[in-house]
Amino acid sequence: MKAFLRRYMRNPGAVAGLVIVALVAAAALLAPLLYEESPWMMVAAPLIPPFSDPAYPFGTDMLGRDITAGLVWGARVSLLVGLLSTGVALLFGILVGAVAGYCGGRIDDALMRFTEFFQTIPQLAMAVVLVAILGPSLYSIMGAIAVVSWPPAARLVRSEFMTLKQREFVQAAIVIGQTPGRIVCTQILPNAMSPIIVSASFMVATAILTESSLSFLGLGDRNQMSWGFMIGAARTMIRDAWWMSVWPGVAILLTVLAINLIGEGLSDALNPQLRRRGE
Amino acid sequence: MKFLSFFASRVGKALLVVLGVVVINFFLIRLAPGDPAAVLAGQSGAGDAAYVAQLRTQFGLDQPLLTQLALYLRGVVQLDLGFSYRNHVPVLDLIVERLPATFLLMFCAFVFSLVLGVLLGVVAAKARYRNKRRWIDSAVTSGALLLYATPLFWLSLMGILLFSVILGWLPAFGMETVGSRLTGLDRALDIAQHLVLPTVTLGCFFMAVYVRLTRASMLEVIGMDFVKTARAKGVGPGRVIRAHVLRNALLPVITFAGIQLGQMAGGAVLTETVFAWPGIGRLMFDALLQRDYQLLLGIFLVTSILVVAFNLVTDVAYRLVDPRIAAGGTQGASA
């Protein structure tokens with residue numbers, strides 16, 4: 001663990017990513033304390049440019065809503081949706097991948113066809129259709145993102161399982177009569193964890209991008225302020241109020257970039273051999 | 001003969017995917033809260049009892065589920081994707097009318113991202129391998145990382161802000177200048193001008209993906225024995241890269257490009273929305289606004305068919321170019 005931390009900290013990009021994500025997470029957690037009023041409230045004159053009024057450092061939108069408050073509250077939605085939808089997708093992906101990789105044969109064939117199907121169809125279009133028909137809410141958004149993002153996880157877990165299954169310690173566990181469920185949970189899965197963790201971090205980043213795309217298209221939860229919604233609302237104001245669309249975009253960009261950097265840092269720190277080989 | 005059976009199996013697979021999408025569409029309507037007929041009618045038509053009743057008979061909603069599915073499938077096979085109540089036109093007509101614009105945009109974005117992505121990937125890999133001008137490699141990889149994290153729709157908006165609003169170089173909306181009545185070459189030039197911003201912003205994300213892929217693939221191939229052999233027998237450094245390394249490094253990139261097309265179709269929804277580009281992506285956004293679910297599902301189906309068809313073409317072309325790949329091989333494993 002210590003060696004892992006040392007390797008991770010040696011990577012400046014990964015450390016910067018961690019700092020940014022920590023800041024965003026702090027904003028998300030403290031949002032109700034920082035801005036007690038709902039970010040939907042009109043609090044000031046409309047279209048105050050940024051950096052002109054210290055009370056509204058990022059300006060206000062065409063209805064006089066505080067953009068800073070929107071950014072802080074939007075962090076909640078982005079992180080929540082990113083983490084939870086990835087969690088669901090990962091659980092399902094591990095289940096499918098583990099069964100396919102462990103059982104092999106026909107079951108593997110059928111499950112991989114199923115996975116391939118979900119990988120072929122256009123993901124964003126599928127998510128849009130799902131949310132539109134189920135009605136926009138945090139649950140339908142998270143569900144839709146999970147539905148379109150589990151296949152790569154399933155493939156990864158399957159290939160890890162297929163190689164690990166051949167190893168001596170797993171063969172030994174089979175010989176001494178451990179049940180398949182126990183072998184999967186105590187022998188194989190712990191050893192497959194590092195690549196799963198790395199790909200999970202990239203999945204969170206993609207999920208945040210997908211969530212922002214959905215809210216941009218007007219499919220966000222009506223009760224939650226989100227960065228994608230802010231950009232969608234600012235679209236028609238681009239000529240008059242550039243700041244309305246610039247700040248939420250920067251927030252998404254920084255958060256997603258930071259999470260990707262963390263993912264790369266984790267990948268290097270968890271696979272030191274790979275790093276030494278020169279990628 | 002072997003090729004024929006390979007071709008048949010791939011076509012069969014493609015048809016299965018399309019069938020899967022149709023079945024998903026069928027169940028989606030029934031998953032939605034409320035009466036399926038009312039869902040199909042959307043908010044606009046829900047007040048019209050006659051229309052809802054017509055939908056009910058059309059889809060046999062009073063019959064068992066399997067009969068309904070059979071009815072629905074028969075409709076799709078007969079190219080009946082439903083009727084858009086909002087636009088008073090069959091869904092298929094609406095989609096077909098919008099297809100050329102989307103084809104044009106996706107083709108340009110695809111070529112742009114692939115060509116520039118491969119080029120930058122090669123440059124970065126060369127700089128890294130030769131250990132000369134390492135900053136080129138750092139600049140290209142960080143640029144790709146940055147683009148990879150940028151929301152597509154936001155990049156499009158920023159493109160409008162910079163090149164249309166501030167600099168005034170390029171048109172911000174639409175595919176042609178409204179009411180210009182240009183013909184021939186002038187019209188083509190006008191469309192080309194409108195095409196620049198959507199192509200570049202849609203292509204940028206995918207360019208980032210191809211840069212990373214090409215670079216990784218080049219660095220992998222560059223260390224292989226046959227490259228050393230080529231060098232040892234005196235092939236020039238430029239030729240080694242072009243004829244030996246790149247040719248082999250490109251194969252995974254091209255397969256992946258085919259697989260990525262589904263994502264690009266999704267990205268087109270966002271780009272077309274921002275630029276008011278008259279393609280099926282914009283149509284999807286309009287269908288969302290109007291809650292026209294028949295149209296929405298029709299677009300989803302057509303987009304899926306396009307993606308599957310394109311994957312089929314790349315698969316077959318790939319097989320013709322590289323005979324080492326056996327039918328049913330696992331080229332898709334890199335995804």
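For clarity, every value in this text was computed on a predicted model and none was experimentally measured.

**Some points on the overall build of chain B**
The helix and strand inventory of chain B stands at 12 helices and 2 strands. Across chain B, helices and strands are ordered from the amino to the carboxyl terminus as α-α-α-α-β-β-α-α-α-α-α-α-α-α. Here the C-alpha coordinates of chain B stretch approximately 80 × 55 × 40 Å along the principal axes. Looking at chain B residue by residue over its 335 residues, the buried ones come to 40%. In chain B, the proportion of contacts linking residues at least 24 apart, taken out of those at least 6 apart, comes to 69%.

**What to know about the interface of chain B and chain A**
Facing 45 residues of chain B, the contacting portion of chain A comprises 37 residues. Contributing elements (two or more residues each) for the side of chain B that touches chain A: helix H1 (2–31), helix H6 (134–148), helix H7 (152–166), helix H8 (184–222), helix H10 (237–275), helix H11 (280–290) and helix H12 (293–321) of chain B. Grouping the amino acids of the side of chain B that touches chain A by side-chain chemistry returns 34 nonpolar, 11 polar and no charged.

**Here we look at the confidence of the model for chain B**
Residue and element names in this part refer to chain B. Counting all residues, the mean pLDDT for chain B is 83, and 92% of those residues have values of 70 or more. Mean pLDDT in chain B bottoms out at helix H2 (residues 36–45), which sits at 64, and peaks at H7, which reaches 91. Note that pLDDT drops below 50 for residues 327–335; the model gives that stretch 16 contacts with residues more than four away or on any other chain. Both scores are given for the predicted complex: the pTM is 0.88, the ipTM 0.87.

**Some details on unusual backbone geometry**
Backbone geometry at Phe 51 of chain A places phi at a positive 60 degrees, although glycine is not the residue there. Locating Phe 51 of chain A in the fold gives a position in the loop between helix H2 (12–34) and helix H3 (67–103). Positive phi is not limited to glycine here, since Leu 79 of chain B has a value of about 60 degrees. Relative to the helices and strands, Leu 79 of chain B resides in the loop between helix H4 (65–77) and strand S1 (83–84).

**A few points about the packing of helix H7 (residues 168–175) of chain A against helix H8 (residues 180–216) of chain A**
Residue and element names in this part refer to chain A. Between H7 and H8, the least distance of the axes is 10 Å, while the angle of their chain directions is 155 degrees. One element, H7, and the other, H8, form an angle in the roughly antiparallel class. Here the hand of the crossing between H7 and H8 comes out right-handed. Here H7 contributes Phe 169, Val 170, Ala 173 and Ile 174 to the contact with H8, which in turn contributes Ile 183, Gln 187 and Ile 188. When the residues that make up the contact of H7 with H8 are grouped by side-chain class, the tally is 6 nonpolar, 1 polar and no charged.

**Section: the nonpolar core**
With 163 residues, the main nonpolar core has Ala 127, Val 128 and Val 129 of chain A together with Met 284, Leu 296 and Ile 299 of chain B as its most contacted residues. In this structure, Phe 26, Leu 55, Phe 59 and Tyr 72 of chain B belong to the second largest nonpolar core, which totals 5 residues.

**Notes on the environment of Lys 2 of chain A**
Considering the arrangement of structural elements, one finds Lys 2 of chain A in helix H1 (residues 2–9). Distance from Lys 2 of chain A to Asn 223 of chain A, taken between C-alpha atoms, is 43 Å for residues 221 residues apart in sequence.

**Quick word on H8 of chain B**
Along an α-helix, a turn takes 3.6 residues, which lines up residues three or four apart on a common side. Between its terminal C-alpha atoms H8 of chain B stretches only 48 Å, short of the 57 Å expected from 39 residues at 1.5 Å a residue. Of all the bends found along H8 of chain B, the most pronounced is centred on Cys 204 of chain B and spans about 40 degrees.

**A closer look at the environment of Ala 234 of chain A**
All names here are of chain A. One can find Ala 234 in helix H9 (residues 227–234). Taking the C-beta count within 10 Å as the criterion, Ala 234 has 25 such neighbours and is therefore assigned buried. For the pair Ala 234 and Pro 248, spaced 14 residues apart in sequence, the C-alpha separation works out to 9.9 Å.

Analysis parameters
Residues numbered from 1 in each chain as written. Chains lettered and ligands numbered in written order. Predicted model: local features only at pLDDT ≥ 70, side-chain atom pairs only at ≥ 80, totals over all residues. Helix = DSSP H or I, 4+ residues; strand = E, 2+ residues; numbered from the N terminus. Buried ≥ 20, exposed ≤ 12 C-beta atoms within 10 Å, placed from the backbone. Contact = placed C-beta atoms within 7 Å. Nonpolar A, V, L, I, M, F, W, Y, C, P; charged D, E, K, R; others polar. pLDDT = per-residue confidence, 0-100. Axes fitted to C-alpha atoms, helices over the stretch in contact; angles between N-to-C directions. Parallel < 35°, antiparallel > 145°, perpendicular 65-115°, else oblique. Left-handed = near helix turned anticlockwise from the far one by under 90°. Core = buried A, V, L, I, M, F, W, Y, C linked by C-beta atoms within 7 Å. Expected span 1.5 Å × (residues − 1). Bend = angle between axes of the 7 residues up to and from the residue.

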